[in-house]
Amino acid sequence: MTTANTLHDLLLGIDGVLAVYPADPAWRLAARQAGTRLTGGTAAADTSPVEVRPDDGNTTVRVRLGVALDTPAPYIARRAARTIRTALQTGHPESATRIAVQICSITPTPPGPHTPEPGAERRPTPT
C-alpha cells in the first residue's frame, strides 16, 4: 500500500470526514492532462486522491475533504493535518512536511437516533 493510499484510509477514519476528493479540482486535472498530451508525455495514473510529493528531503501533502456539518470544519482540517503529520513522521521523522488541507464540501448529516432534528429544540412539545 502506498503512502497516499494509507493517508486516504486514515483521513476517512477521522470523525466528521465524509469524503476525500482529488487534490486538484476537475478543471485543473483536465488542463494538466491536456498539457501532458500536447507535449507528448504520458499522464501518471493517480490511484489515490491524496497528493504526496517528495522534494529534496521534504514532503508536500495536499488533500481536499468533504465534511459533515455537525463538526466545525477548522477542527477537522487541523485534525487531518495532525493525522497526516503523525503518519509521515513515523516513517521519516527527519523530513519536513508541508500539509495543505482544503475543505471543499460541507454536508448536513441526516438526524440519527440521538441527533435531534435541526430546530427541534425550539418547537413546542405536543400536549
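Residues numbered from 1 in each chain as written. Predicted model: local features only at pLDDT ≥ 70, side-chain atom pairs only at ≥ 80, totals over all residues. Heavy atoms only, no water.

Colleague: Help me understand the environment of Asp 15 in this model?
Modeller: For Asp 15, the location among the structural elements is in the loop between helix 1 (3–12) and strand 1 (17–21). Overall, the relative accessible area of 63% leaves Asp 15 in the exposed class. Separated by 52 residues in the primary sequence, Asp 15 and Val 67 have C-alpha atoms spaced 9.0 Å apart. Excluding anything up to four places from it in sequence, Asp 15 contacts Ile 76 and Arg 79. (Helix = DSSP H or I, 4+ residues; strand = E, 2+ residues; numbered from the N terminus. Buried < 20%, exposed > 50% of the residue type's maximum accessible area, 1.4 Å probe, protein only. Contact = heavy atoms within 4.5 Å.)

Colleague: Teacher, can you tell me more about the side chain of Thr 60 here?
Modeller: Locating Thr 60 in the fold gives a position in strand 3 (residues 58–68). Excluding residues within four positions of it along the chain, Thr 60 makes contact with Glu 51, Val 52, Arg 53 and Arg 98.

Colleague: Got a minute to help me understand the pattern of salt bridges in this structure?
Modeller: It is possible for side chains of opposite charge to pair when their charged atoms get near one another. Per the stated rule, a full pass over the model turns up 2 salt bridges. One salt bridge in this structure joins Glu 51 and Arg 53, with 2.8 Å as the shortest N-O distance. With a closest N to O distance of 3.2 Å, Arg 62 and Glu 51 form a salt bridge. Of this pair, Arg 62 sits in strand 3 while Glu 51 sits in strand 2 (residues 51–55), and the two are 11 residues apart along the sequence. Glu 51 shares its class with Arg 62; the two are buried. (Salt bridge = Lys/Arg side-chain N within 4 Å of Asp/Glu carboxyl O.)

Colleague: Looking at this structure, how should I read helix 1?
Modeller: Of the residues making up helix 1, those classed as buried are Ala 4, Leu 7, His 8 and Leu 11. Across the axial projection of helix 1, the buried residues extend over an arc of 105°, all falling on one side. (Arc of directions from axis to C-beta.)

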